[in-house]
Every structure is written in structure tokens, then in C-alpha cells.
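Breakdown of the fold
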Amino acid sequence: MTTSNPAASPDALRLPDALDITYSPCPNDTFTFHAWTHGLVPGATAPTVTFADIDVTNGMAERGEGSVLKVSYAVLPWVLEEYALLPCGGALGRGCGPLVLTREPREGDGAGLAGRTVAVPSERSTAYLLFRLWAAREVPGGVGRIVVMPFHEIMPAVRDGRVDAGLVIHEARFTYQRFGLHQLVDLGEFWESTTGHPIPLGAIIARRSLGAERLTAVTEAIRASVAMAWRDPAASRDYVLAHAQEMDPDVADQHIGLYVNEFTADLGTEGFAAVRELLGRAADEGLVPAARLD
């Protein structure tokens, strides 16, 4: 895959001597950030890396912890005062939305979820925000109890009957059949069919206190890292698989192919429009505070 976004020249990357970044161990993140975090981007100091689930990084952002973070787009209204949204490095695309899964096959409407228990990966996640927008239209009277758990625990919980349904993300799109589960709704299809926009999932944010010059340097380091990953996908393979939580290599490749795309290199006009639509609709429904993207 190629991109029209050129990597910055080495002397343009004026990064802090010490910088920390927190992202998930999922293949799209480890693939995207491999080159930068391993000191392979010319002129860019490698940051210190912490791995954390999205619910953890969302909480970190709300508490003002961390310099550069991978978070849910849904958390932006609570953190944009301290953090700037970077135009690259995140996950946004088409055909890659969250799924609602059940143990038994159900018709493709939400009536069967009324009053039911649903597991979600984070109450601040974009997946959960999309679910709430969908449920407001499709679940009469609303769902019952919401249970937050790490996303890799959700499918076993649905399979074992500990919850009635699960909201899943990432590679679960490719593996839920292995748990004997059934798709109730594809929230990406819901979003795309009602808005025409790609689906905003995960964002990269950085502290505004770094200053404009260093925020630009972080942006260019990420873009250079993405470009290097695409030029030599094999270079990051060991790193990706080492952190992929025993994921099958073919599934990891599918994951990367779906979530690392042109929007990872540059959100562009289309990407920013999708984010504004998501946050605007959610604010209109009273689900998030009104937010303005710089």
C-alpha cells in the first residue's frame, strides 16, 4: 500500500528527548508504530512505549496522563482542552465497524436486546457510542445493564451465557464464529448507511503543552513510521505477533489490512468530516458534551 503523504526530512523532526506513547498491543498499532518506536525513523527519537487496553488509555487521557495516546474518538469531548487530535496514526475506515454478537441467532433488529445485559469494551469507546446511537433507534425501552470488560474477554462471556450480548471490535470480526456466536448487527454498516461517512474508531492525541513545533514533529514521525511499515511489512512482523495475544498470523494480517489504511497516514477532509459527524450526532442526542476540533 502506498500513500501520497511524504515523510518529513530527518532535520524536520524536532522531538523532545524524552517522550512517552501508549497504545494497544493490537496488530494495527504495533504495525503502525514499529518503525518509530524502534528508532528506525531517521532523525526521530524513539519514544518510551506502554501497552494498554483502550479503556485504560481513555481513562489516562481523562486524567491527563501520558504525552501521546491512542484513544477512542468518543472520548475527545472530555480531553480536547489538554490534548490535540493528530491527523494520523489512528483507525478510521469502511467495513471495519464494531459488531453486536449474541449466543443464539436473532433477527437483525434490536428488540431482543430490550432490558438485556450487554458487555462493552469501554463506556467511552467509539464502539459503545455507535451502539448507543443505534440502540436509541432500534431497542424499544433501551437495553438493561452494561458491563465493561477487556475486549478479548467479551466473546467468551457471551458464549458462556454470562451476558446476553457483546459489543466487539478489532479482530473479533474475523473470529467470532469460532466461539459459536452470531452477529446481530454490524454497527459500521449502520453508521455508513445513515451518514455516508467512514467509521471513526481510534484516535491519536498528544499533549498541547508540547507546543506546535513538537506536535508537528510527532505527526511527521508517525506518518514516516506508517510509510516505512507499508514499504517493508515484514520488518514489523515479529513485533506484531509478539504482542498479538496468541492471534493467528493470518488474522493479524487481516486486522492490519482492514485498520491500517489511507486514513492512518492522513485523516484528510473526509476523515475529519466523519469525526465531526460522530461527535455532532452524539452531542445532539445528549450522549457527549459538544466538542470543537481545531
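Residue positions are given per chain, counted from 1 along the sequence in the order it is written. Per-residue local features are limited, in this predicted model, to residues with pLDDT of at least 70; the limit for side-chain atom pairs, both in listing and counting, is 80 or more; totals at the level of whole chains, interfaces and linings are taken over all residues. The basis for every side-chain value is the complete set of non-hydrogen atoms in the structure, without hydrogens or water.

One can describe the packing of helix α1 (residues 27–37) onto helix α10 (residues 249–259) by two numbers: an axis separation of 8 Å at closest approach and a directional angle of 70 degrees. For the element pair α1 / α10, the angle class is roughly perpendicular. Contacts from P27, N28 and F31 in α1 reach A252, H255, I256 and Y259 in α10. In terms of residue class, the contact of α1 with α10 is made up of five nonpolar, two polar and no charged. Angular values range over 0 to 180 degrees, each being the angle between N-to-C directions of two axes fitted as lines to C-alpha atoms, with helices fitted over their stretch in contact. Going along the chain from the N terminus, every DSSP run of H or I of four or more residues is numbered as a helix, and every run of E of two or more is numbered as a strand. Should an angle lie under 35 degrees it is considered roughly parallel, over 145 roughly antiparallel, and from 65 to 115 roughly perpendicular; all remaining angles are considered oblique. Contact between two residues is taken to exist if any of their heavy atoms lie within 4.5 Å; hydrogens are not considered. By the convention adopted, Pro, Cys, Tyr, Trp, Phe, Met, Ile, Leu, Val and Ala count as nonpolar, Lys, Arg, Asp and Glu as charged, and the other residues, Gly among them, as polar.

Turning our eyes to something else, we now look at the confidence of the model for the protein. The predicted structure's coordinates, where accompanied by low pLDDT, should not be read in detail. Think of pLDDT as the predictor's per-residue confidence, scored from 0 to 100. For the protein, the average pLDDT comes to 90, and 94% of its residues sit at 70 or higher. Element-level mean pLDDT values for the protein span from 82 in helix α6 (residues 172–175) up to 98 in strand β4 (residues 83–85). Within the model, the stretch residues 1–11 combines pLDDT values under 50 with 16 contacts to residues more than four positions away or in other chains.

Turning our eyes to something else, we now look at the sheet that holds strand β8 (residues 146–148). Either a parallel or an antiparallel arrangement is found when strands of a sheet pair, and the pairing is made through backbone hydrogen bonds. In spatial order, the strands read β8-β7-β9-β6-β10; together these five strands make up an open sheet with mixed pairing. Looking at the sheet topology across the chains shown, the edges are occupied by β8 and β10 (182–186). Looking at each pair of strands side by side, their axes are set apart by 25 degrees on average, direction ignored. Alignment of strand β7 (residues 118–120) against β8, held across three bridges, turns out to be parallel. Bridge pairing in β8 links V120 to V148. Each pair of strands is called paired provided DSSP finds at least two bridges between the two strands.

Along helix α2 (residues 54–63), the positions that sit buried rather than exposed are I54, T57, N58, G59, M60 and A61. Lining the buried residues of α2 we find β1 (20–23), β3 (68–72), α3 (76–79), β4 and β11 (199–207). Think of it in three bands: residues with accessible area under 20% of the maximum for their type are buried, residues over 50% are exposed, and the middle band is partly exposed, with areas taken using a 1.4 Å probe on protein chains only.

Right, let's talk about the packing of helix α4 (residues 126–138) against helix α7 (residues 187–195) for a bit. Here α4 crosses α7 at 70 degrees, and the two axes come no closer than 10 Å. Taken as axis vectors, α4 and α7 run roughly perpendicular relative to one another. The interaxial crossing formed by α4 with α7 has left-handed handedness. Counted together, A127, L130, F131, L133, W134 and R137 of α4 and L187, F190, W191 and T194 of α7 form the full contact between these two elements. A crossing counts as left-handed when the near helix is turned anticlockwise from the far one by less than a right angle, and as right-handed when that turn is clockwise.

A separate point is the pattern of salt bridges. The salt bridge criterion pairs a side-chain nitrogen of Lys or Arg with a carboxyl oxygen of Asp or Glu, the two atoms within 4 Å. Going through the model one piece at a time under the given rule, you end up with 13 salt bridges. One salt bridge connects R207 with E82, and the closest N-O pair in it is separated by 3.3 Å. Separated by 125 residues along the polypeptide, R207 in strand β11 and E82 in the loop between α3 and β4 bring together distant segments of the chain. Among the residues examined, E82 registers a relative accessible area of 41% and is labelled partly exposed. The salt bridge involving D266 is made with R223; its shortest N-O contact spans 3.2 Å. Linking D266 in the loop between α11 (262–265) and α12 (268–284) with R223 in helix α8 (residues 212–231), this pair joins segments that are 43 residues apart in sequence. A residue is classified by how much of its surface remains accessible, and R223, at 14% relative accessible area, is buried. Overlapping salt bridges bring together R94, E192 and E270 as one network.

When the centres of two rings from Phe, Tyr and Trp lie within 6.5 Å, Trp using its six-membered ring, the rings pair. Their planes under 30 degrees apart give stacked, over 60 give edge-to-face, and anything left gives tilted. For the structure on display, the rule yields five aromatic pairs. Between F51 and Y239, the ring centres sit 6.3 Å apart and the planes meet at 50 degrees, which makes this aromatic pair tilted. Note that F51 is positioned in strand β2 (residues 48–51) and Y239 in helix α9 (residues 237–242), a separation of 188 residues in sequence. Relative accessible area serves as the criterion here: at 31%, F51 is assigned to the partly exposed category. Relative to F131, the ring of Y128 has its centre 6.3 Å away and its plane inclined at 20 degrees; by these criteria the two rings are stacked. One end of the pair is Y128 and the other is F131, both in helix α4 and three residues apart, which spans about a single turn. In our convention, an over-ring charge means Lys NZ or Arg CZ found within 6 Å of a ring centre and within 35 degrees of that ring's normal. R124 extends its terminal NZ or CZ atom over the ring of W78, reaching a point 3.7 Å from the ring centre.

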